[in-house]
Each structure stands twice: as structure tokens, then as C-alpha cells.
Amino acid sequence: DQQVKQNSPSLSVQEGRISILNCDYTNSMFDYFLWYKKYPAEGPTFLISISSIKDKNEDGRFTVFLNKSAKHLSLHIVPSQPGDSAVYFCAASLITGANSKLTFGKGITLSVRP
Amino acid sequence: DTAVSQTPKYLVTQMGNDKSIKCEQNLGHDTMYWYKQDSKKFLKIMFSYNNKELIINETVPNRFSPKSPDKAHLNLHINSLELGDSAVYFCASSLGQPWKTQYFGPGTRLLVL
């Protein structure tokens, strides 16, 4: 049962343009969402997060949008750079609860063309 | 000054063998995790330890046994390895609750022949 879905396996964009990476979730109890970035042969690294009480969080070129009613979040990268080429994982969690854990999607491979 | 380190980075072994993967973090975190990334690329939590105590144990075969000798280390021992255990195993750590930023190791690529 995939509670976090990243339905597009890959995305290719031109350098300088916007990259939009989408993520859907099924568990309405999730209240904290994160994006991780992963280069080949390395572990994931934290990129940006958003609490369910917000609908937008921005950090430099990265913005995450949350639409709770649609159970959808997206990561916008503007402008995209070749160094952004990586796999991006969406993750969701519960803040409260004894067994809070991160549930990950299967990732989206972003390629930014020079 | 690696934050989260894992050894070995690659592990090739035969079915039925027993192997261990070690993880160490120097971030002063109190919570550590093991994740498995299988061929379908999903990152799935296996175990979580907080201050050396097991707090999450997903439906993982009991051939997998984590051990946390102290807050900075979480090792994973696997008995009687099977073909389906082939995957990339990631160790991670965080300060406090799992929803806080987790720092991942580089992964251990396990191939069971």
C-alpha cells in the first residue's frame, strides 16, 4: 500500500526553466512533508519541508506547495541548474505518535539539460 | 568529518551466509534508523532506535537483527542471507523525532548470489 506516490518516474527540463516535481499521498493523517535529494552512490540529503498548517514554504530556488484537500504537494525549482540533476524523494510523516516515521515515495529522476 | 558513515560500502556474498553492516554518526543525534531501498527504488524503514532503545520495528524477517551498542552506533546483522535481501541499505540519524531532518549515510550495496 503506497501511501506516498510519485507517479512520474522522470522529468527533463532545460537549464534556467522551472522544474515541478509532484507527489500525492493517501493518508490524511500525515502532517509533515519533506523532500530529499539523492545523487548516485550517495545517501539522500534533506532539501526542504512543510508542515500541514502551511500551504507554502520557500528556501532560495526551492519552493514546496501543499494542497491538503487534494492530498498533493509539489516541489518547484526555479531556475533549474544542471547540478539539480538527481533523484528527488517525497516523504511524509506524523508529528505526533509514538511510532512516527517517514514514509517515502519511490522518487523522481530530474535531468536538467544545459 | 563524515556525519553518518557506513561500512562496508559494497558487500557481495553467497546465500546462507551471515553478514553485518556497521553505521556510525558523529552528529550527537539520539535516534538512528535503517532503511532498505529495493529494486523498485522505494526507501522503506526497517528499524529505528532512540537512545539505544528499539522504537520502530517494521515487518522485517527476524533474520535481521539491529544492535545499538551506544547512541552513535547502529549495526545491522543479517543471518542466512537470501537472494531477496539484495538491496541498498541506508543508515540515518536525527535529533529527536523521526519527522525531523534525517541525515543519511552513503548506503551499503548488498548483493546476494
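Residues numbered from 1 in each chain as written. Chains lettered and ligands numbered in written order. Predicted model: local features only at pLDDT ≥ 70, side-chain atom pairs only at ≥ 80, totals over all residues. Heavy atoms only, no water.

**Student:** So what exactly am I meant to see when it comes to the sheet that holds strand β8 (residues 72–77) of chain A here?
**Tutor:** Pairing between the strands of a sheet comes from backbone hydrogen bonds, and it takes one of two forms, parallel or antiparallel. All names here are of chain A. Spatial strand order, β1-β3-β8-β7-β6: five strands in an open sheet with antiparallel pairing. Edge strands, defined here as strands with exactly one partner in the open sheet, are β1 (4–5) and β6 (56–59). Bridge analysis of strand β3 (residues 19–25) against β8 gives six bridges, and the strand direction is antiparallel. Along β8, the bridge assignment pairs C23 with L73. (Pairing = 2+ DSSP bridges. Helix = DSSP H or I, 4+ residues; strand = E, 2+ residues; numbered from the N terminus.)

**Student:** Which parts of the structure should I look at to understand the layout of surface pockets?
**Tutor:** Over the atoms rolls a probe the size of a water molecule, and its path tells where empty space is left. What the largest pocket holds in volume is close to 570 Å³. Considering the residues around the largest pocket, the lining is formed by 23 residues, among which L43, K44, I45, E58 and T59 of chain B are closest to the centre. Sorting the residues of the lining of the largest pocket by element identifies β10 (103–104) of chain A together with β5 (43–50) of chain B as the ones contributing at least two each. For the lining of the largest pocket, the element with the highest residue contribution is β5 of chain B, accounting for four residues. (1 Å grid on protein atoms, 1.4 Å probe; cavity = no way out; pocket = protein on both sides within 12 Å on 5 of 7 lines; lining within 4 Å. Points joined across faces, edges and corners; volume = space filled by probe spheres on them.)

**Student:** Would you explain the nonpolar core in this entry?
**Tutor:** Generally speaking, a soluble globular protein has its nonpolar side chains buried in company with each other. Core analysis: the biggest nonpolar cluster contains 24 residues, and L21, F33, W35, L73, L75 and Y88 of chain A have the highest contact counts within it. Of all the secondary-structure elements, those providing two or more residues to this core are β3, β4 (32–38), β5 (45–51), β7 (62–67), β8, β9 (86–93) and β11 (108–113) of chain A. Ignoring sequence-local partners within four residues, the contact set of Y88 of chain A consists of Q6, L21, W35, Y36, K37, L47, L75, I77, G107, I108 and L110 of chain A. V4, M46, F47 and I78 of chain B belong to the second-largest nonpolar core, a separate cluster that totals 20 residues. (Core = buried A, V, L, I, M, F, W, Y, C linked by side-chain atoms within 4.5 Å. Buried < 20%, exposed > 50% of the residue type's maximum accessible area, 1.4 Å probe, protein only. Contact = heavy atoms within 4.5 Å.)

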